[in-house]
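As a plain string of letters, each chain reads:
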Amino acid sequence: MIQRILMLALVLLAFTMPTEAITFQELKTSPQFKLVHQHEYEKPSAIVNDGGGMYVYLNTYSVEVQKYAPPQYTLSAIYYVVHTSHYQAEIMENKLTVNYDANYSLATLIKSSNMMNPSPSMLALIEASESKSGLFMSDSDSAIYTLDGALKKNPSSEGTRNLPLNRKNIIMYNLADAMFMSAYQQHFDDIVVQ
């Protein structure tokens, strides 16, 4: 009887444990976090008068393959957006799922353009690559922490956004590419579909 009570208490404890907090120091120093984007705010600016910056980190240990059916791939991962200004000092944790279609990788577009026209117009190739990147993302807010790891806002599923991802969105495109590199040790745009 006592064993059952202890077992029940352990199960309840496991389900009521708080989510694991993350600190800015851990993001900067742990090898599992890859810095994907960094922007230092200028002093003074319209919003920020004390400097600071924005940093985007990918948790490389969280990258999971959801679908592997070349040329179609789907990966998910956790990433963090850190703001370090006086105006906004927090860590936003988000979950990102990216669908990749390698038929639209730059290497595939270049190969198919060369096969169709031996001297392709670079302008036409750039326009094709910008209009369709082959990436589609689903991004959802998870939690918000202070820079020292204290929870400010609990996770919510209401923040899910489904969007096509173009190459002009440098931050998210680089994040998607870092996920692909982490999973397959190859840049997405280097894949050639035969």
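Small disclaimer: the values here were computed from a predicted structure and weren't measured. (Residues numbered from 1 in each chain as written. Predicted model: local features only at pLDDT ≥ 70, side-chain atom pairs only at ≥ 80, totals over all residues. Heavy atoms only, no water.)

*Asks:* Mind laying out the pattern of salt bridges, listing which residues take part and the relevant values?
*Replies:* A full pass over the atoms with the stated rule returns 2 salt bridges. Taking the shortest distance from any N to any O, the salt bridge between aspartate 189 and arginine 167 comes out at 2.6 Å. Linking aspartate 189 in the segment after α5 (170–184) with arginine 167 in the loop between β8 (161–165) and α5, this pair joins segments that are 22 residues apart in sequence. A residue is classified by how much of its surface remains accessible, and arginine 167, at 15% relative accessible area, is buried. (Salt bridge = Lys/Arg side-chain N within 4 Å of Asp/Glu carboxyl O. Helix = DSSP H or I, 4+ residues; strand = E, 2+ residues; numbered from the N terminus. Buried < 20%, exposed > 50% of the residue type's maximum accessible area, 1.4 Å probe, protein only.)

*Asks:* Report on the confidence of the model for the chain, specifying residues and quantitative values.
*Replies:* When the pLDDT values of the chain are averaged, the result is 82; 74% of them are 70 or greater. Per-element confidence in the chain is highest for strand β3 (residues 64–69), whose mean pLDDT is 96, and lowest for helix α1 (residues 2–16), whose mean pLDDT is 54. Ignoring residues within four places in sequence, the model shows residues 13–19, a span with pLDDT below 50, making 1 contact including any to other chains. (pLDDT = per-residue confidence, 0-100. Contact = heavy atoms within 4.5 Å.)

*Asks:* Tell me what's going on with the nonpolar core, and back it up with residues and numbers.
*Replies:* If you look at the biggest cluster of nonpolar residues, it comprises 26 residues, and the most contacted ones within it are Leu58, Leu96, Val98, Tyr100, Leu135, Leu175 and Met179. Of all the secondary structure elements, the ones that give two or more residues to this core are β2 (53–59), β4 (72–84), β5 (89–101), β6 (135–145) and α5. Take this core: its biggest share by element is 7 residues, from α5. Those residues in contact with leucine 175 that lie beyond four places of it in its chain are Val36, Val56, Leu58, Tyr79 and Leu96. Membership of the second largest hydrophobic core comes to 12 residues, among which are Phe24, Leu27, Phe33 and Ala143. (Core = buried A, V, L, I, M, F, W, Y, C linked by side-chain atoms within 4.5 Å.)

*Asks:* Outline unusual backbone geometry, listing residues and values.
*Replies:* A cis amide bond links proline 70 with the next residue in sequence, proline 71, at an omega value of 10°. In this structure, proline 71 sits in the loop between β3 and β4. Its identity as a non-glycine residue notwithstanding, glutamine 185 has a phi of 55°, on the positive side. By the element assignment, glutamine 185 lies in the segment after α5. The exposed category is assigned to glutamine 185, whose relative accessible area is 61%.

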